[in-house]
Amino acid sequence: MFIVAGSLYVDPEDRDDYLAGCVEVVTVARATPGCVDFAISPDLVEPGRVNVYERWESEEELLAFRSSGPTEEQQVAIRGAEVHRYMISSVEAP
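Every chain begins its residue count from 1, and numbering advances along the sequence as written. At least 70 in pLDDT is required for a residue's local features to be given in this predicted model, at least 80 for side-chain atom pairs to be given and counted, and no such filter applies to totals for whole chains, interfaces and linings, which use all residues. The basis for every side-chain value is the complete set of heavy atoms in the structure, and neither hydrogens nor water enter the calculation.

A. Looking closely at the overall build of the protein chain. The helix and strand inventory of the protein chain stands at four helices and four strands. Strands are runs of DSSP state E lasting at least 2 residues, helices are runs of H or I lasting at least 4, and numbering of each runs from the N terminus. Listing each helix as α and each strand as β along the protein chain from the N terminus yields β-α-α-β-β-α-α-β. On the principal axes, the C-alpha backbone points of the protein chain span a range of 40 × 30 × 20 Å. Put simply, the protein chain has 94 residues, and 30% of those count as buried. Residue contacts are defined here by distance: any two heavy atoms, one from each residue, within 4.5 Å place the two residues in contact. The long-range fraction of contacts in the protein chain, counting pairs at least 24 apart against all pairs at least 6 apart in sequence, stands at 68%. Method for areas: the Shrake-Rupley scheme with a 1.4 Å probe, in which residue coverage is limited to the protein chains shown. On the protein chain, roughly 6200 Å² of surface is accessible, and the fraction owed to carbon and sulfur atoms is 54%. Charged residues are defined here as Lys and Arg on the positive side and Asp and Glu on the negative side; His and the ends of the chain fall outside this count. Where a charge lies is defined by one atom per residue type, namely NZ (Lys), CZ (Arg), CG (Asp) and CD (Glu). Within the protein chain, one finds 7 positive and 18 negative side-chain charges whose respective centroids are separated by 3 Å. Partly exposed residues are those whose accessible area sits between 20% and 50% of the maximum for their type, while under 20% is buried and over 50% is exposed, using a 1.4 Å probe and protein chains only.

B. Expanded view of a nonpolar patch on the surface. A cluster of nonpolar side chains, M1, V36 and V91, forms an exposed patch at the surface whose accessible area comes to about 240 Å². Positionally, V36 belongs in strand 2 (residues 35-42). Overall, V36 belongs to the partly exposed group, its relative accessible area being 33%. Exposure above 30% relative accessible area and the lack of any salt bridge qualify a residue for a patch; like charges then connect within 9 Å, and the nonpolar side chains Val, Leu, Ile, Met, Phe, Trp and Tyr within 5 Å. We count a salt bridge whenever a side-chain nitrogen from Lys or Arg sits within 4 Å of a carboxyl oxygen from Asp or Glu.

C. Representation of the pattern of salt bridges within the structure. Summed over all chains, the structure comprises five salt bridges. Put simply, D43 and R49 hold a salt bridge, and the shortest N to O gap is 3.5 Å. Here E54 makes a salt bridge to R66, at a shortest N to O gap of 2.3 Å. Of this pair, E54 sits in strand 3 (residues 49-56) while R66 sits in helix 3 (residues 59-66), and the two are twelve residues apart along the sequence.

Note that all results are geometric; they support no functional claim without further evidence.
Encoded structure:
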């Protein structure tokens, strides 16, 4: 299992538009084989921060989805990013 998580940074005044442009991405991702969860959301404290969380069953499925990539408009809006991929070897109840 793979988790992709972190933060993207956009201009605070553009964040709502950026998130609105992500609705289709989230919808498509969640319907993609191997996607367990996919969420993009505004941070509650930092006005220009967007939180990203993805969970995938395999690296192959993650990479197949990634090949489509963000739109050019989304890429231009991102001012910075701190996103990492984590390989999970086991899952337990909290």
